[in-house]
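Here is how the chains run, residue by residue.
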Amino acid sequence: MTDAARKQAPVQEVLEPRLQQQVEESWQRARGRWSQFLLLGEPRAAKEGCALAHIDLITRQVWFNARELRGRELLGSLEAVLAHEVGHHVRYPGSLSVSARLRMMEKTLLPLGDYSLINVFCDLLINEQLGADEALRAQLTAIYRAFQKDVQWKQDPAFLFYLSIYEELWRLEPGSLMGAGFTDFSKHFPEARADAQLVAQNLFHLGPNLYTQFLYFVSIASRYVQPPRLDLPESADPLSCCRGEPTPEDWADALTPGAREKEAVRRAVAEGWLDKENGERLVGEKSRERRIATLPGQGTANAEGVPEVMAAYYRLEAERYLLRPPDRLTLGEAVVPTTLDEWELGDALPSVDWLATLSLRGDRLGAVAPLKRERIADYEGLDVPLWQPRVEIYLDVSGSMPDPRTTLNAMTLAAQILCVGAVRAGGWVRAVLYSSETVAYWEWCRSEVEMSRFLMHYIGGGTEFPFRRLGDSVRDQRGRQPTRVVITDRDFDHNYASRKDNARIFAEAAAASAPLVLLLHQPVPEMVARYRGLGARVAEVVELEDFPKVAAALAHALFQEERHVAL
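Residues numbered from 1 in each chain as written. Predicted model: local features only at pLDDT ≥ 70, side-chain atom pairs only at ≥ 80, totals over all residues. Heavy atoms only, no water.

Now for unusual backbone geometry. Of the consecutive residues Tyr92 and Pro93, the connecting peptide bond is found in the cis state with omega at 5°. Looking at where Pro93 falls in the secondary structure, it is placed in the loop between helix H4 (78–90) and helix H5 (96–109). Cis geometry marks the peptide bond from Ala514 to Pro515; its omega dihedral reads -10°. Position of Pro515 relative to the elements: it lies in the loop between helix H22 (500–512) and strand S14 (516–521). One non-glycine residue with positive phi stands out, namely Arg60, at about 60°. Relative to the helices and strands, Arg60 is located in the loop between strand S3 (53–56) and strand S4 (61–64). You will see that Arg171, though not glycine, has its phi angle at about 55°, which is positive. Position of Arg171 among the secondary structure elements: in the loop between helix H8 (157–169) and helix H9 (182–188). (Helix = DSSP H or I, 4+ residues; strand = E, 2+ residues; numbered from the N terminus.)

Rendered as structure tokens:
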């Protein structure tokens, strides 16, 4: 079956009543192997889009190919097939977030294109647990034997090694699962049997840290992975069965090594499974950049998903340094809530009354059928104070700044912090990114996600601050001047002095804004004094990579009364 066929959406098949009853009985037993309280829907038969069986880790739907099971005389192994899929849902990998972390670790150690050991690693952990039961062990053994003719050891010797682990684990006759390739494989890899014995003996006692187990498995199984070739092997594993791609948020979360990964690397280095250099690659100071380089499509023409992942990463980082911008007191119409109504797709999400929804419909029904409240004027024409912050950001994305899609750019992070803070304070934000050219999101926006995506644009040329746009903004926003923040470096000084009109526009903006803030990296003291003399607030940032200090500088510039802020 081709890769495209395997990944196509399954087409459901209606089973005959007798087989359907067998599926239902097998499903109940399969779930009981893990827990009786799993929130999983009934498994579905697929006549297309399913090799043998798989689980979609996004929808958590289990699919199986009844025709394939019948054709290979494996209907008697249906319970093992279904129990195996439940194992992916419950534990290995359990979530696409864990899957994303495993993929990044593997790509850092084994940059072999699309080839991966993750699925056989997860299958091994699942089947070891299921195989403790003699009946299920017999069913799993039957599955692998039914696919022996599909295995070509020269194409994927790592899979033959994987099968040899089961032979050791379940005390089967050598070659009983490996099939016809056993003799040639053993001659080519005479040490494979000893390695299989080590894995069977040690791997399952290294838990519960999944990453420790993975590093140990990769340290041995990688000896049997062929160098990258144009004809990458298509896995012969009949239980190669996890589907669903991690979300941008999953990938973004995985860009920062977690405590369990760091502990796994420490142990792997101490035990000799990894050398110090590879340990540093996995969790060292430069590990984030290496992980960014492993994102799907990174460095290729098919990298459209990378900005989405990096936007999610900047949102996560902004949470650590979240600031609330100064509120602007304006007048608005007093409103009162009306009666409840059904919320429908297309209605504004803030109109949902979650308190009333949860009280009247509970957490399950309320999550899919929320209630909304419209609000109307209490008295026509009655104005009351409303707090509505507005933040206008000018972000330098010239060649002196790193590309935010390939590394963490401190200035882009500062812009993201301001965007999130403004939106969560109930306000609006808009931004312009500038270099020798500009790209702008100039409509007032209240979406954290949309603005984070916009901030992933990068120009990378010379530096030319858009003073004309700043002047237009001061005129257009007359009567409701926003907080304006310029995030740049000392190149701004050259732009300021290049034309006489620039100084005038800057002075007008400093007088009109609420306030005008310059976040400057390594500024010239004389120019800082001049900007402050015109009424602007300046936050001086010495170390660009010092993210907490960048956030603190912004906080002082926006919230403190004193004009002088130095780090």
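The next point concerns the nonpolar core. With 86 residues, the main nonpolar core has Phe64, Phe161 and Phe217 as its most contacted residues. For this core, the element with the highest residue contribution is helix H11 (residues 210–221), accounting for nine residues. In this view, Phe217 contacts Leu117, Val120, Phe121, Leu124, Ile165, Val199 and Leu203; residues no more than four positions away in its chain are not counted. Within the second largest apolar cluster, 49 residues are counted, among which are Met401, Cys445, Met456 and Val517. (Core = buried A, V, L, I, M, F, W, Y, C linked by side-chain atoms within 4.5 Å. Buried < 20%, exposed > 50% of the residue type's maximum accessible area, 1.4 Å probe, protein only. Contact = heavy atoms within 4.5 Å.)

Here we take up the packing of helix H6 (residues 118–130) against H11. Packing of H6 against H11 leaves a shortest axis separation of 11 Å and a crossing angle of 115°. Seen from above, H6 lies across H11 with right-handed handedness. Counted together, Ile118, Val120, Phe121, Leu124 and Leu125 of H6 and Leu210, Gln213, Phe214 and Phe217 of H11 form the full contact between these two elements. Split into classes, the residues belonging to the contact of H6 with H11 amount to eight nonpolar, one polar and no charged. (Axes fitted to C-alpha atoms, helices over the stretch in contact; angles between N-to-C directions. Left-handed = near helix turned anticlockwise from the far one by under 90°. Nonpolar A, V, L, I, M, F, W, Y, C, P; charged D, E, K, R; others polar.)

A few words now on the confidence of the model for the protein. Counting all residues, the mean pLDDT for the protein is 85, and 87% of those residues have values of 70 or more. Between residues 331–335, whose pLDDT stays under 50, and residues either more than four places distant or in other chains, the model counts 24 contacts. (pLDDT = per-residue confidence, 0-100.)

End to end, H8 covers 19 Å across 13 residues, agreeing with the expected 18 Å (1.5 Å per residue, within 8%). Summarising the contacts, the buried residues of H8 are in contact with H6, helix H7 (134–146), H9, helix H10 (192–202) and H11. At the exit of H8 stands Arg171, carrying a positive phi of roughly 55°. (Expected span 1.5 Å × (residues − 1).)

Residue position: Arg430 is located in strand S11 (residues 428–434). A polar atom in the side chain of Arg430 sits 3.3 Å from the backbone oxygen of Trp442. Polar contacts involving the side chain of Arg430 include one to the side chain of Ser473, which spans 3.3 Å. (Polar contact = N/O pair within 3.5 Å; in protein donor to acceptor, adjacent residues only side chain to side chain.)

Side-chain alternation along S4 places Gln61 and Trp63 on one buried face and Val62 and Phe64 on a second face that is also buried. Inspection of the sheet shows strand S2 (residues 44–48) paired to S4 by two bridges, in the parallel sense. Looking across to S4, one finds that Ala45 is bridged to Phe64. Here S3 folds back onto S4, and the loop between the two strands holds four residues, one of which, Arg60, carries a positive phi near 60°. (Pairing = 2+ DSSP bridges.)

The end-to-end C-alpha distance of H22, which contains 13 residues, comes to 19 Å, matching closely the 18 Å that a straight helix rising 1.5 Å per residue would cover. Every buried residue belonging to H22 is among Asn502, Ile505, Phe506, Ala509 and Ala510, and all of these are buried. For H22, the angular spread of buried residues about the axis comes to 135°, placing them on one side. With respect to the buried face of H22, the exposed residues turned more than 90 degrees away are Lys500 and Ala511. Looking at the buried positions of H22, the neighbouring elements they touch are helix H20 (467–476), helix H21 (491–498), S14 and helix H23 (525–533). (Arc of directions from axis to C-beta.)

Enumeration according to the criterion identifies 26 salt bridges in this entry. Of the charged contacts, one joins Arg101 and Glu261 as a salt bridge, the two residues approaching to 2.4 Å between their closest N and O atoms. With a gap of 160 residues between them, Arg101 in helix H5 and Glu261 in helix H13 (residues 259–271) connect regions that are remote in the sequence. Arg101 gets classed as buried once you look at its relative accessible area, which sits at 11%. Owing to a relative accessible area of 2%, Glu261 belongs among the buried residues under this scheme. Among the salt bridges present, the one from Glu392 reaches Arg484, with a minimum N-O distance of 2.9 Å. Taken as a pair, Glu392 in strand S10 (residues 390–396) and Arg484 in strand S13 (residues 483–489) lie far apart in primary sequence, 92 residues in all. Judged by its relative accessible area of 0%, Glu392 is buried. Under the relative-accessibility criterion, Arg484 is labelled buried at 0%. Because the salt bridges share partners, they merge into one network encompassing Arg29, Arg33, Glu79 and Asp133. (Salt bridge = Lys/Arg side-chain N within 4 Å of Asp/Glu carboxyl O.)

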